[in-house]
Amino acid sequence: MSLLSIPAVALDLDAGNEENSRDFAPVAGMKVTIVGSGDAFSSGGRAHTCIRIDAATTTVVVDFGSGAMTAWQKLGFDFNNIDAIVVSHLHGDHFGGIPALLLHAQFVAERRRPLLLIGPPGLKVRLQEMLDLFFPGSSAVAWNYAWQVREIGGGRKIAVSGLTLETFDVIHSPGSMPTGIRLSDGKHIFAYSGDTAWTETLNDIAADADLFLCECSSGDEPVPNHLHWPLLKGKLKGFSAKRIAITHMGPSAIAKIPEMQAAGLIVANDGLSLEL
Ligand SMILES: [Zn+2]
């Protein structure tokens, strides 16, 4: 199908009120599903980062990496359930799947209600550039639904689709505008490191969270802009989160999974669901 052979339809912002057909049983609190638990290179066959958060009245996704389209559908999930996507930072394994998602919503799912995209400054321009690089001409599509971008840096606290989002500056490739994230429904807290080297800010991100999802890219040697297991292991006592899960593992970190589990940690895998 040629993207540009589709007749243009005027944007109708009033058409955003249809019910979304939920593809999961209602949750009392918050349910976290790790859709993608991989690093940038999908080590171990794990999909790029994508985390689905279901709360009582909303579905918010944290990160939507390049492989998220595949991983989402493998779990039987419906893209139309997504109310908002929060992007932790501007690396392809964390937001590279969004252009295909936007076009799927337009041409396949026939979405009408708005899709909110929240992320670091520069997100909107990069999405438009990615659209045209991956699917030439697609940034000129007359969208049938509104995809709205809200750009926020670290150190912010805003309402997102009925949840509270907090962002924190972390230490990663500066051009990627890296943040860590907390999402709360007022009773439960999901916390996520994003991609980062060690920073004391991780203690703040994890503070009293029901689940702290933390990256650990290396199992042995330090790698720039990321965490490695020998260091992280020594920092665990500083985290006051009720549960800690490890994600974004390279091969050497995957080799340390038994050691991580012995330390009382959850190790994320694609499809793992946790109720908070
Ligand atoms: Zn990154």
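Residues numbered from 1 in each chain as written. Predicted model: local features only at pLDDT ≥ 70, side-chain atom pairs only at ≥ 80, totals over all residues.

- As annotated in an unreviewed UniProt entry, the chain carries the name Ribonuclease BN (tRNA processing enzyme) and comes from Methylovirgula ligni.

## Some points on the sheet that holds strand β11 (residues 211–215)
Within a beta sheet, neighbouring strands are joined by backbone hydrogen bonds and run either parallel or antiparallel to one another.
Next, step 1: Taken together, the 7 strands give an open sheet; going across it, the order is β7-β8-β9-β10-β11-β12-β13, and neighbouring strands pair in mixed fashion. What marks the edges here is a single partner per strand, and that holds for β7 (157–160) and β13 (266–267).
Next, step 2: Here strand β10 (residues 189–192) pairs with β11 via 3 bridges, running parallel. Counted as the bridge partner of Tyr192 is Leu213 from β11. (Pairing = 2+ DSSP bridges. Helix = DSSP H or I, 4+ residues; strand = E, 2+ residues; numbered from the N terminus.)

## Topic: unusual backbone geometry
Next, step 1: Phi at Glu110 is positive, roughly 50°, even though this residue is not glycine.
Next, step 2: Taking the C-beta count within 10 Å as the criterion, Glu110 has 11 such neighbours and is therefore assigned exposed.
Next, step 3: The phi angle at Asp208 is positive, at roughly 55°, despite the residue not being glycine.
Next, step 4: Relative to the assigned elements, Asp208 resides in the loop between α5 (201–206) and β11.
Next, step 5: Accessibility expressed as a C-beta count within 10 Å gives 11 for Asp208, which makes it exposed. (Buried ≥ 20, exposed ≤ 12 C-beta atoms within 10 Å, placed from the backbone.)

## Digging into the sheet that holds strand β14 (residues 272–275)
Next, step 1: Spatial ordering of the open sheet is given by β6-β5-β4-β3-β2-β1-β14, a layout of 7 strands whose pairing is mixed. Of all strands in the sheet, those bounded by a partner on one side alone are β6 (147–151) and β14. Looking at each pair of strands side by side, their axes are set apart by 20° on average, direction ignored.
Next, step 2: Judged from the 3 bridges that link them, strand β3 (residues 59–64) and strand β4 (residues 84–86) form a sheet pairing that is parallel. Residue Val60 lies in a different strand from β4, and its bridge partner there is Ala84.
Next, step 3: Seen against the sheet, helix α4 (residues 123–134) touches β5 (115–119) and β6 and runs at an angle of roughly 140° to β6. (Axes fitted to C-alpha atoms, helices over the stretch in contact; angles between N-to-C directions. Contact = placed C-beta atoms within 7 Å.)

## Here we look at the nonpolar core
Next, step 1: Membership of the largest hydrophobic core comes to 71 residues, with the highest contact counts inside it found for Ile51, Phe190, Ala191, Leu211 and Phe212.
Next, step 2: With 5 residues, the single largest contributor to this core is helix α3 (residues 98–107).
Next, step 3: Once residues lying within four places of it in the same chain are set aside, the contact partners of Phe190 are Met30, Val32, Ile53, Leu183, Ala209, Asp210, Leu211 and Leu276. (Core = buried A, V, L, I, M, F, W, Y, C linked by C-beta atoms within 7 Å.)

## Some thoughts on α4
Next, step 1: For α4, spanning 12 residues, the distance from its first C-alpha to its last is 16 Å, which sits close to the expected 16 Å at 1.5 Å a residue.
Next, step 2: All of the buried residues along α4 are Leu123, Arg126, Leu127, Met130 and Leu131. In a view along the axis of α4, the buried residues occupy a sector of 140°, so they form one face of it. Residues of α4 that are exposed and angled more than 90 degrees away from the buried face: Val125 and Leu133.
Next, step 3: In the core, the buried residues of α4 are packed alongside α3, β5 and β6. (Expected span 1.5 Å × (residues − 1). Arc of directions from axis to C-beta.)

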